[in-house]
Amino acid sequence: MPQAILISGKEVSDEIRNRVKETVAHLSIVPKLAIVQVGAREDSNVYIRMKKNFAESVGASSVHIQLPNTITQAEVCSVYTFSYHF
């Protein structure tokens, strides 16, 4: 029967981060992570903060657009289209 192999999530994460950082360093542009958030759930805010930190750590930029949970779908689509261009 095969034995289980212990995998370090931190080591895997660091390896992925380093590969992405190296790839970004060789690009002629600065990649940008655009996050459009509807509402303000705290668990979403934590996740978004982690993604923004990752983007910064690999040399990418990020923009976080926060919208109220009362926004319509059409308004979200127009914000999405706008955010694509900056």
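Residues numbered from 1 in each chain as written. Predicted model: local features only at pLDDT ≥ 70, side-chain atom pairs only at ≥ 80, totals over all residues. Heavy atoms only, no water.

What follows is about the nonpolar core. Membership of the largest hydrophobic core is limited to five residues, which are Val63, Ile65, Leu67, Ile71 and Val79. With three residues, strand S2 (residues 61–67) is the largest single contributor of residues to this core. When neighbours within four sequence positions are excluded, Leu67 is seen to be in contact with Val36, Gln37, Val38, Gly39, Val76 and Val79. (Core = buried A, V, L, I, M, F, W, Y, C linked by side-chain atoms within 4.5 Å. Buried < 20%, exposed > 50% of the residue type's maximum accessible area, 1.4 Å probe, protein only. Helix = DSSP H or I, 4+ residues; strand = E, 2+ residues; numbered from the N terminus. Contact = heavy atoms within 4.5 Å.)

Under the defined criterion, the tally for this structure stands at three salt bridges. With a closest N to O distance of 3.1 Å, Asp14 and Lys10 form a salt bridge. Note that Asp14 and Lys10 are positioned in helix H1 (residues 9–25) at a spacing of four residues, about one turn of the helix. For Asp14, a relative accessible area of 29% gives the class partly exposed. (Salt bridge = Lys/Arg side-chain N within 4 Å of Asp/Glu carboxyl O.)

Moving on: the side chain of Asn45. Inspection of the secondary structure puts Asn45 in helix H2 (residues 42–57). Overall, the relative accessible area of 15% leaves Asn45 in the buried class. A distance of 2.8 Å separates a polar atom in the side chain of Asn45 from a polar atom in the side chain of Gln37. Apart from the residues lying within four places of it in its own chain, the contact partners of Asn45 are Gln37, Ala40 and Gln66. (Polar contact = N/O pair within 3.5 Å; in protein donor to acceptor, adjacent residues only side chain to side chain.)

Let's shift gears to the pairing of S2. Alignment of strand S1 (residues 32–38) against S2, held across seven bridges, turns out to be parallel. Across the sheet, residue Gln37 finds its bridge partner in S2, namely Gln66. After leaving S1, the chain enters H2 and then returns to the sheet as S2, a path that is right-handed. (Pairing = 2+ DSSP bridges. Right-handed = clockwise from strand over helix to strand, strands pointing away.)

Our focus in this paragraph is the environment of Val38. Along the polypeptide, Val38 turns up in strand S1. The sequence separation of Val38 and Asn69 amounts to 31 residues, and the corresponding C-alpha distance is 5.3 Å. Filtering out sequence-adjacent residues up to four positions away, Val38 remains in contact with Leu67, Pro68, Asn69, Ile71 and Val76.

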